[in-house]
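Coordinates in review
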Amino acid sequence: MDGFGSDFSAGGSGGKMDAGTIMEQVKVQIAVANAQELLQRMTDKCFKKCIGKPGSSLDNSEQKCIAMCMDRYMDAWNTVSRTYNSRLQRERARM
């Protein structure tokens, strides 16, 4: 074969990855994708809010606006995330 099979070099048990290792890698990839999406959305929203006329550099008020916008966006995201996780834990406890 040409190396494209179910054998992945992961060290350990003969070069085969177990389901737990694969699941952990998938979780990491999902977390990275979510972080990238968060950053992209935050950048888009704050740019639209703070940059009136794009140029070669940001003036002082634009820099402050971007910094405050990103801080507020992250604070809001963290609040929503904590609330969502708390709700999930309560729902799981009921089952």
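First things first, this report covers the structure right here in the doc. (Residues numbered from 1 in each chain as written. Predicted model: local features only at pLDDT ≥ 70, side-chain atom pairs only at ≥ 80, totals over all residues. Heavy atoms only, no water.)

Notes on the pattern of salt bridges
Put simply, the test is: Counted as salt bridges are all cases of a side-chain nitrogen of Lys or Arg within 4 Å of a carboxyl oxygen of Asp or Glu. Counting from the N terminus, the helices are DSSP H or I runs at least four residues long and the strands are E runs at least two residues long. Working definition: with a 1.4 Å probe on protein chains only, accessible area under 20% of the residue-type maximum means buried, over 50% means exposed, and in between means partly exposed.
Applying the stated criterion across every chain yields a total of three salt bridges. Of the charged contacts in the structure, one is a salt bridge between arginine 41 and glutamate 37, with a shortest N-O distance of 2.7 Å. Taken together, the residues arginine 41 and glutamate 37, both in helix H1 (residues 19-50) and four residues apart, mark about one turn of the helix. Take arginine 41: its relative accessible area is 47%, and that puts it in the partly exposed class. Where arginine 94 meets glutamate 91, a salt bridge forms, and the shortest distance between an N and an O atom there is 3.6 Å. With arginine 94 and glutamate 91 both in helix H2 (residues 60-94) and three residues apart, this pair spans about one turn of that helix. For arginine 94, a relative accessible area of 66% puts it in the exposed group. A relative accessible area of 36% means that glutamate 91 is categorised as partly exposed.

A look at a nonpolar patch on the surface
We count it as follows: Residues qualify for a patch when their relative accessible area is over 30% and they have no salt bridge, like charges being joined within 9 Å and the nonpolar side chains of Val, Leu, Ile, Met, Phe, Trp and Tyr within 5 Å. Values of accessible area rely on a 1.4 Å probe in the Shrake-Rupley scheme; residue burial ignores everything except the protein chains shown.
On the surface, a cluster of nonpolar side chains totalling about 220 Å² of accessible area is made up of Ile22, Val26 and Ile30. For valine 26, the location among the structural elements is in helix H1. For valine 26, a relative accessible area of 34% corresponds to the partly exposed category.

Digging into the state of the cysteines
Rules: The term disulfide is used for any two cysteine sulfur atoms that are within 2.5 Å.
Following the criterion strictly, the structure yields two disulfides and no others. What pairs with cysteine 46 in a disulfide is cysteine 69, and their sulfur atoms sit 2.0 Å apart. Handedness here is read from the sign of the S-S torsion; for cysteine 46 and cysteine 69, about -85°, the answer is left-handed. Within this pair, whereas cysteine 46 is found in helix H1, its partner cysteine 69 is found in helix H2, the two being separated by 23 residues in sequence. Comparing cysteine 46 with cysteine 69, the two get one shared label, buried.

Thoughts on the nonpolar core
Rules: Side-chain atoms within 4.5 Å link the members of a nonpolar core, which is a set of buried Ala, Val, Leu, Ile, Met, Phe, Trp, Tyr and Cys residues. Residue contacts are defined here by distance: any two heavy atoms, one from each residue, within 4.5 Å place the two residues in contact.
Leu38, Met42, Cys46, Cys50, Ile51, Ile66, Cys69 and Tyr73 together form the largest nonpolar core, which totals eight residues. Counting residues per element, the ones that place at least two in this core are H1 and H2. It is H1 that contributes the most residues to this core, four residues altogether. With residues up to four places along the chain from it excluded, the contact list for cysteine 69 reads Cys46, Lys49 and Cys50.

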